[in-house]
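Survey of secondary and tertiary structure
Each chain, letter by letter, is given below.
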Amino acid sequence: MAIFVWKESYCVGIKIIDDQHKVLVRIINELDLLLQSDFSVQQARALFGELLDYTKYHFATEERLMKIGGYKKSALDAHLKQHYQFIDEIHSLNNESIPVSADEAQLVMSYLTNWLKNHILKVDRQLANYLLRQEKPLPEGGPVFVPMDELEALYQSLGQAVMLLRQQYDSGQESSSRQDSASVIDCLNQARSLLQESTSLIEQASRNLSKSEEN
Ligand SMILES: [Fe+2]
């Protein structure tokens, strides 16, 4: 059974935050499975790296929402302090203390799981409740569309490419197969077309925003 079973009660009611929390839970569950297997340090580093990158990306989203929503400075500072501490923890796990025994792995996974559950249920829920109470009028012409789904897909695709490249690098170029190289090229090509698509959607969103500010 997965170490972190997602429940509807973990949803805070803001789609982008809930979707990103589900990705974090998926990575934590993958990490748990890996640490229970006969893993290599390189594999663990790659997955801890993915967890670190996605956590930073998610925290940046929350920080942006706090600033856009005019979240009280004291609450914002306290929330960000928790984020920075968690980033530091993952960073040091990845750099210094990859768990090598079953007991160490269990401790690390309990820490990551409990931290995220508590954080979601307390501070993220407070933030979401605050944002949902805001009654700022939307700009004329409706809400400004931001291509979050495309950006998420872009992030995933780049993350996968980076992970494959890291694995190739760690195992030595001479032993990497033609098939591995083809997978990296596929991921990079996919990322490139997603980047083009996202860029044009962002430009469109930016034009819409300028237009709504002029009105
Ligand atoms: Fe948070």
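Higher on the page you've got the structure.
Model, not experiment: these values are computed from the prediction. (Residues numbered from 1 in each chain as written. Predicted model: local features only at pLDDT ≥ 70, side-chain atom pairs only at ≥ 80, totals over all residues. Heavy atoms only, no water.)

Before going further, it helps to spend a moment on the coordination of the iron ion. In the first shell of the iron ion, the protein supplies Glu-62 (OE), His-79 (NE2), His-83 (NE2), His-119 (NE2) and Asp-124 (OD), at 2.0 to 2.3 Å from the metal. Between consecutive donor residues of the iron ion, the sequence gaps follow E-x16-H-x3-H-x35-H-x4-D. One end of the pair, His-79, is in helix α3 (residues 73-95); the other, Asp-124, is in helix α4 (residues 102-133), with 45 residues separating them in the sequence. Classification of His-79 as buried rests on a relative accessible area of 2%. Among the residues examined, Asp-124 registers a relative accessible area of 0% and is labelled buried. (Donors = N, O, S within 2.8 Å, 3.2 Å for Na, K, Ca; no water. Helix = DSSP H or I, 4+ residues; strand = E, 2+ residues; numbered from the N terminus. Buried < 20%, exposed > 50% of the residue type's maximum accessible area, 1.4 Å probe, protein only.)

Next up on the list: the environment of Leu-33. Locating Leu-33 in the fold gives a position in helix α1 (residues 15-35). Classification of Leu-33 by relative accessible area gives exposed; the value is 60%. For the pair Leu-33 and Met-1, spaced 32 residues apart in sequence, the C-alpha to C-alpha distance is 9.6 Å.

Turning next to the pattern of salt bridges. Per the counting criterion, the structure on display carries five salt bridges. A salt bridge links Glu-30 to Arg-26; the shortest N-O distance between them is 2.7 Å. A residue pair is termed a helical-turn pair when its members lie 3 or 4 positions apart in one helix, as Glu-30 and Arg-26 do in helix α1 at four residues. Relative accessible area serves as the criterion here: at 33%, Glu-30 is assigned to the partly exposed category. Residues Glu-50 and Arg-26 are paired through a salt bridge, measuring 3.9 Å at the closest nitrogen-oxygen approach. Remark: Arg-26 occurs in helix α1 and Glu-50 occurs in helix α2 (residues 41-68); sequence separation between them is 24 residues. (Salt bridge = Lys/Arg side-chain N within 4 Å of Asp/Glu carboxyl O.)

Turning our eyes to something else, we now look at the nonpolar core. Grouped together as the largest cluster of nonpolar side chains are 44 residues, with contacts concentrated most on Leu-31, Phe-48, Leu-51, Leu-112 and Leu-116. Where this core is concerned, the elements lending two or more residues are α1, α2, α3 and α4. With 11 residues, α4 is the single largest residue contributor to this core. Ignoring anything within four residues of it in the chain, the contact list for Leu-116 reads Phe-4, Leu-24, Val-25 and Ile-28. (Core = buried A, V, L, I, M, F, W, Y, C linked by side-chain atoms within 4.5 Å. Contact = heavy atoms within 4.5 Å.)

The next point concerns the side chain of Glu-50. A relative accessible area of 18% places Glu-50 in the buried class. Not counting residues up to four positions away in its chain, the partners in contact with Glu-50 are Arg-26, Ile-27, Tyr-155 and Met-163.

Applying the stated criterion across every chain, the model contains eight aromatic pairs. Measuring from centroid to centroid gives 6.2 Å for Phe-86 and Tyr-111, while their planes differ by 40°, and the two rings are tilted. Taken together, the positions of Phe-86 in helix α3 and Tyr-111 in helix α4 put the pair 25 residues apart, joining distant regions of the chain. For Phe-86, a relative accessible area of 4% gives the class buried. A network of ring pairs unites the aromatic residues Phe-59, Phe-86, Tyr-111 and Trp-115 as a single cluster. The aromatic ring of Phe-4 is capped on one face by Lys-117, whose charged end is 5.1 Å from the ring centroid. (Phe/Tyr/Trp six-rings, centres within 6.5 Å; stacked < 30°, edge-to-face > 60°. Lys NZ or Arg CZ within 6 Å of the ring centre and 35° of its normal.)

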